[in-house]
Amino acid sequence: MLDKSPNTPAVNVPNDLAAHWMPFTANRAFKKAPRLLAGAKDMHYITVDGRKIIDAASGMWCTNAGHGRTQISDAIGKMAATLDYAPPFQFGIPQAFELASRIAELAPAGLDHVFFCNSGSEAADTALKIAIACHQLNGQGSRTRLIGRVRGYHGVGFGGTAVGGIVNNRKIFGSLLSGVDHIPATYDREKQAFTKGEPEYGAHFADELENLVNLHGANTIAAVIVEPMAGSTGVIPAPKGYLKRLREITQKHGILLIFDEVITGYGRLGHAFAAERYGVLPDLLTFAKGVTNGAAPMGGVIVRDTIHDAFMSGPEHMVELAHGYTYSAHPLACAAGLATLDIYRDEKLFERAKALEPKFADAVMSLKGQPNVLDIRTVGLTAGIDLAPRAADLVGKRGYDAMVSAFHDNDLMLRIAGDTLALTPPLIISDDQIGEVIEKVGKVIKAVA
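Residues numbered from 1 in each chain as written. Predicted model: local features only at pLDDT ≥ 70, side-chain atom pairs only at ≥ 80, totals over all residues. Heavy atoms only, no water.

Student: So what exactly am I meant to see when it comes to the state of the cysteines here?
Tutor: Put plainly, a disulfide is one covalent bond tying together the sulfur atoms of two cysteines. Under the defined criterion, the tally for this structure stands at zero disulfides. With no disulfide of its own, Cys 62 lies 14 Å from the sulfur of Cys 117, the closest cysteine sulfur. The thiol sulfur of Cys 334 is not disulfide-bonded, and the nearest other cysteine sulfur, from Cys 117, lies at 12 Å. (Disulfide = S-S within 2.5 Å.)

Student: It is not clear to me how the pattern of salt bridges should be interpreted in this structure. Could you clarify?
Tutor: Close approach of charged atoms allows side chains of opposite charge to pair. If you walk through the whole model with that rule in mind, you get 22 salt bridges. Among the ionic pairs, Glu 198 bridges to Arg 277, the shortest N-O distance being 2.9 Å. Placement of Glu 198 in the loop between strand E7 (195-196) and helix H9 (208-216) and of Arg 277 in helix H11 (residues 274-278) is noted, with a sequence separation of 79 residues between them. For Glu 198, a relative accessible area of 13% gives the class buried. Among the ionic pairs, Lys 443 bridges to Glu 439, the shortest N-O distance being 3.8 Å. One end of the pair is Lys 443 and the other is Glu 439, both in helix H16 (residues 431-447) and four residues apart, which spans about a single turn. The class for Glu 439 is partly exposed, based on a relative accessible area of 48%. Overlapping salt bridges, with partners in common, bring together Arg 102, Asp 342, Arg 345 and Asp 346 in one network. (Salt bridge = Lys/Arg side-chain N within 4 Å of Asp/Glu carboxyl O. Helix = DSSP H or I, 4+ residues; strand = E, 2+ residues; numbered from the N terminus. Buried < 20%, exposed > 50% of the residue type's maximum accessible area, 1.4 Å probe, protein only.)

Student: Got a minute to help me understand the sheet that holds strand E15 (residues 382-387) in this structure?
Tutor: Sheet strands pair by backbone hydrogen bonding; their relative direction is either parallel or antiparallel. Overall, mixed pairing links the five strands, which are arranged E7-E14-E15-E18-E17 in an open sheet. What marks the edges here is a single partner per strand, and that holds for E7 and strand E17 (415-417). Alignment of E15 against strand E18 (residues 420-423), held across four bridges, turns out to be antiparallel. By the bridge assignment, Asp 386 is partnered in E18 with Thr 420. Sitting on the sheet, helix H14 (residues 349-365) is in contact with E7, strand E14 (373-379), E15 and E18, with an inclination near 175 degrees to E14. This element, H16, spans E14, E15 and E18 of the sheet and lies at about 170 degrees to E18. (Pairing = 2+ DSSP bridges. Contact = heavy atoms within 4.5 Å. Axes fitted to C-alpha atoms, helices over the stretch in contact; angles between N-to-C directions.)

Written out as structure tokens, the structure reads:
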């Protein structure tokens, strides 16, 4: 039995891992062979035993500017010494207003107001609540139904899980929210396999929304929420014309359209937001992750004037939106966000991602023909590589083995979604590092063949 007495001396690597119940982790397997990190700089993590691990996942889609950016850590430290916390209800800090203005400037024209929270999950639930409340204020209280998409991911709150469409994220949590439905996923391997960028086939998947309108009635539907690129399910780019068609249908029926850009925001697809890449203006847009380069928790929702202004009525001393969080627009997160946006601007990282996209896509596609590779999809600086499952009752095991092999045997960090390997490197990745990542991924694929 491990000694857990208070007299046990502190060590850099704990000898008891039992207390920490890890999120979205195979806890029992992890604690038998831990993957422990002690540091990070630029494109690499440093393990507790001193190995450099090249980061092909941007941490968890977060560190678009790479690791260990002193401009960000210095800003956080300075703010911590000056203002450690300020209540966000009925009080404010200058940095929150500055950051909101700069985010609104980056967003497509028409998205002008920013509501801060602390994560992508909170951003999704915030957007869904705003959508329902907006219809209430506009005299359309029957509009309470929310529409997600099969294989979509919108965090782990009750709302986000309900509109999400990844089975394993939903199945043990009961009915969640009532009045939720889903449009189909946009993926058809037979017609889209090994596509670089947006597939030609699939715009018609948006037309399934018309069937849900006919089933439920347009006057019952508040909002549709989709990711412009479905990331957590394994990198599924939107087909050409799909998002524009979805926008046309939602506008036709008075349904609000929410883009979940928690992953795609801040340069991942070569633009500040994917809405810009696709030329589609949603009514609400959620963000998180890259806004602070992962250095501090922050998320938010950007909304159109018409939505914001619907709440600005009644006595001026009354709260317009009864929603928010203790740590909304936290001083340290605002400092991190401002420093991060400076880096994106000064180093032109969004433009860099756009320029690197063809080279990255070609490199990843070179893995076609490797053992068990069923499909490869790329868009922006993101790729999904589908591997065949080991067996019908072992779905996800080959992907898990690949993640373990990457870390322990190949000094590589990548993401997995079942048997899909996801590559989402920081936007600072060099040409040589792209080659290094692909070489290592090739070794991993062969190791788990």
